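Each chain, letter by letter, is given below.
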Amino acid sequence: MAYPNPHLSRRRMLAASAAVVVSFAAASCTASPTPAPTPAGRTPTASDPWRPVAHLTAEKNWLNDPNGLIHHNGTYHAFYQYNPRANSWGNMSWGHSTSTDLVHWEQQPVAMEASGEEEIFSGCMVMDTNNASGLGSAENPPMVALYTSAYGKNGALPQGAQAQSVAYSLDGGTTWQKYRGNPVLNLAPTNNNFRDPKVFWYEPGQYWVMTTVVADAQVVKLFKSTDLLHWDYLSDFSGAGAQGGLWEVPELVQMNVDGSTAKKWVMLLSINPGGIAGGSGMQYFVGEFDGTRFTAENAASPDAPLSDSQWLDHGADYYAANSISGAPGEKPVLLGWMGNWDYAQNVPTTPWRGSMAIPRELTLVRGERRYELRSAIATAAREALERRSGEVSKKNLTVTSSIQDLGADFTARSQLIELDLDLTSSREAGLILRQSSDAKSGLRISYTKETRTVKVDRSHAGTTNFSEKFSPYHQITLPSVGSDGKVRLTILLDSSSVEVFAQDGVAVISDTFFPDWDATGSSVFSLDGDSTISVHSRPL
Ligand code: FRU
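Definitions and limits used
- Here, residues in each chain are numbered from 1, in the same order as that chain's written sequence.
- The predicted nature of this model means local features are confined to residues of pLDDT at least 70 and side-chain atom pairs, given and counted, to a pLDDT of 80 or more, with totals for whole chains, interfaces and linings taken over all residues.
- To obtain the side-chain values, all non-hydrogen atoms of the structure were used and water was disregarded.
- Secondary structure follows DSSP: runs of H or I at least 4 residues long count as helices, runs of E at least 2 residues long count as strands, and numbering of each begins at the N terminus.
- Only protein chains enter the accessibility calculation, which uses a 1.4 Å probe; a residue whose area is less than 20% of its type maximum is buried, one above 50% is exposed, and one in between is partly exposed.
- Note on contacts: a residue pair qualifies if any of its non-hydrogen atoms lie within 4.5 Å across the two residues.
- To be clear on the numbers: accessible area is Shrake-Rupley with a 1.4 Å probe, and residue cover counts the displayed protein chains and nothing else.
- Each domain span listed reflects an automatic or database assignment of domains.
- Two parts placed together each lose some accessible area under a 1.4 Å probe, and the buried area is that loss summed for both.
- Counted as salt bridges are all cases of a side-chain nitrogen of Lys or Arg within 4 Å of a carboxyl oxygen of Asp or Glu.
- Two N or O atoms count as a polar contact when they lie within 3.5 Å, although within protein this holds only if one can serve as hydrogen donor and the other as acceptor, and sequence-adjacent residues are included solely when both atoms are side-chain atoms.
- Strand pairing follows a simple DSSP-based rule, namely that at least 2 bridges must link the two strands.
- In this analysis, axes come from line fits to C-alpha atoms, helices being fitted only over the stretch in contact, and the angle between any two N-to-C directions falls in the range 0 to 180 degrees.

A. Quick look at the overall build of the protein chain. Helix and strand content of the protein chain: two helices and 32 strands. Each principal axis of the C-alpha distribution contributes one length, and for the protein chain these read about 70 × 50 × 50 Å. Evaluated residue by residue, the protein chain yields a buried proportion of 62% over its 540 residues. Looking at the protein chain alone, contacts between residues at least 24 apart form 62% of all its contacts between residues at least 6 apart. If you sum the accessible surface of the protein chain, you get close to 19,900 Å²; carbon and sulfur atoms cover 47% of it.

B. Quick peek at the domain arrangement of the protein chain. Once the domains are mapped, the protein chain shows domain 1 (15-379) and domain 2 (390-539). For domain 1 and domain 2, the distance between their C-alpha centroids amounts to 31 Å. Taken together, the contact pairs 35 residues of domain 1 with 32 residues of domain 2. The largest share of the area that domain 1 buries against domain 2 comes from Trp50, His314 and Tyr343, three residues that together contribute 22% of it. Our enumeration of links across domain 1 and domain 2 arrives at two salt bridges. A salt bridge links Asp342 to Lys469; its shortest N-O distance comes to 3.9 Å. Along the contact surface separating domain 1 from domain 2 lie 18 residue pairs in polar contact (both at pLDDT 80 or more).

C. Inspection of the sheet that holds strand β18 (residues 319-323) at higher detail. If you walk across this open sheet you meet the four strands as β18-β19-β21-β22, and the pairing is antiparallel. Taken across any chain shown, the strands that pair with only one partner, and hence form the sheet edges, are β18 and β22 (371-377). Taking the axes of each pair of neighbouring strands and ignoring which way they run, one obtains an average angle of 40° across the sheet. Pairing geometry for strand β21 (residues 360-366) and β22, over seven bridges, is antiparallel. Each residue of the ladder has a partner; that of Glu361, found in β22, is Ala376.

So this is what it looks like as structure tokens:
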């Protein structure tokens with residue numbers, strides 16, 4: 001069924017919501033029609049050259065936002081926006097994959113499938129340990145999903161309306177029942193852009209708090225509940241930060257301030273378009289939550305330049321990230337979609353389209369002007385990546401105004417790389433990955449000393465002609481760290497993506513790119529002088 005597409009520009013979307021076309025009528029169902037789980041770990045081939053090895057993708061068909069992320073009985077569950085019928089957005093359902101290490105994912109049957117009455121948009125999942133909802137029992141408490149119902153014909157609400165609904169599983173996430181009283185939360189009058197519930201337990205108040213958005217009004221709405229079924233309005237959060245597009249997939253999370261006993265609340269929020277790298281992006285706000293209202297501190301004003309807002313990622317492909325409920329450790333572990341609505345529907349991969357970013361762990365630090373987030377590859381994922389053997393390194397290479405091929409040892413199509421650059425007397429230095437044998441194409445990751453800029457340039461790194469909006473490069477100026485010309489980058493290269501964590505995660509650039517199959521070279525370079533460069537690589 002084709003519903004109003006939430007990814008049209010705001011004006012087009014509002015117009016489109018008045019004219020909905022119905023084309024697909026599946027039986028309403030909660031159980032899963034898809035085949036048996038597929039084996040963990042896939043490898044790219046010449047006919048599927050961009051298949052990631054260390055990132056979650058669906059075996060086939062379209063995927064976008066991660067939903068219902070939960071760690072339960074030692075297994076990570078990722079549910080996600082999924083089209084079981086085609087390699088493009090539509091028939092939005094919840095796909096399901098599981099992992100024990102956040103790197104190897106096993107695809108499970110579709111958890112909840114779109115019907116003629118309702119598509120299953122983004123949401124979240126919690127364990128209702130005390131069975132407060134009454135949907136399970138004390139002995140077998142339910143796993144409860146909160147999701148957005150996007151209504152079609154003959155749905156519980158008018159066609160095009162969006163409201164929040166509940167589904168539950170009594171068998172650890174394999175099969176799902178929809179709650180009979182759905183929707184559990186609806187705006188009056190009904191709203192076509194009220195979506196993306198994310199719920200957390202607020203210990204001081206002994207209740208659940210839900211963040212949602214009215215996407216086209218740039219408002220986050222907070223509600224509370226003691227049973228996950230009845231929700232009371234708490235407050236709105238709006239009027240801060242970037243406003244240039246839909247606000248989507250919010251989350252409020254409490255974090256320890258690194259190195260102190262203080263705690264702060266962080267609002268994570270996706271915006272599309274209007275992100276820092278063009279199109280989709282994720283901003284965040286740091287402040288206080290008193291059980292009713294979130295108040296951001298030192299937030300950028302809506303008319304400030306985009307660079308005043310705080311961004312989780314400075315690349316083009318990091319969106320709709322949410323934390324994994326119940327993940328081990330103190331720090332939030334986020335899973336994000338590695339895509340951008342500007343061109344995600346056109347990327348040249350088949351028979352699948354869309355992948356998740358590597359799960360990452362957040363740390364909150366006190367910066368010069370305000371609190372800031374630092375990002376790192378999540379510990380479990382990092383450990384799994386580091387179990388791969390075959391590491392190679394070249395230490396303290398002196399590179400003088402030239403490009404130096406790293407040779408046959410550095411030709412893996414996916415690698416975890418530590419790159420140390422010391423721009424002794426040079427202006428710019430860096431690394432070229434997936435380089436073609438004629439050296440005409442390659443992904444260029446560079447650091448410029450004077451401006452302290454880390455840049456990822458994908459403009460000559462394979463196929464780019466699928467969309468005019470596939471932006472050529474992304475960059476970030478690092479704060480004072482790195483002014484001595486030394487910088488350390490952790491780089492996760494996969495078959496069609498790169499994630500660059502600069503200087504202990506002060507900034508991240510996540511970008512997809514679509515290199516030629518035969519382009520497997522790696523080089524380091526130094527411009528206008530000497531650089532000392534060390535590269536350590538682990539093929540994945
Ligand atoms: C974000 C989003 C959500 C929505 C879902 C639909 O990418 O637009 O707001 O619930 O995707 O697939």
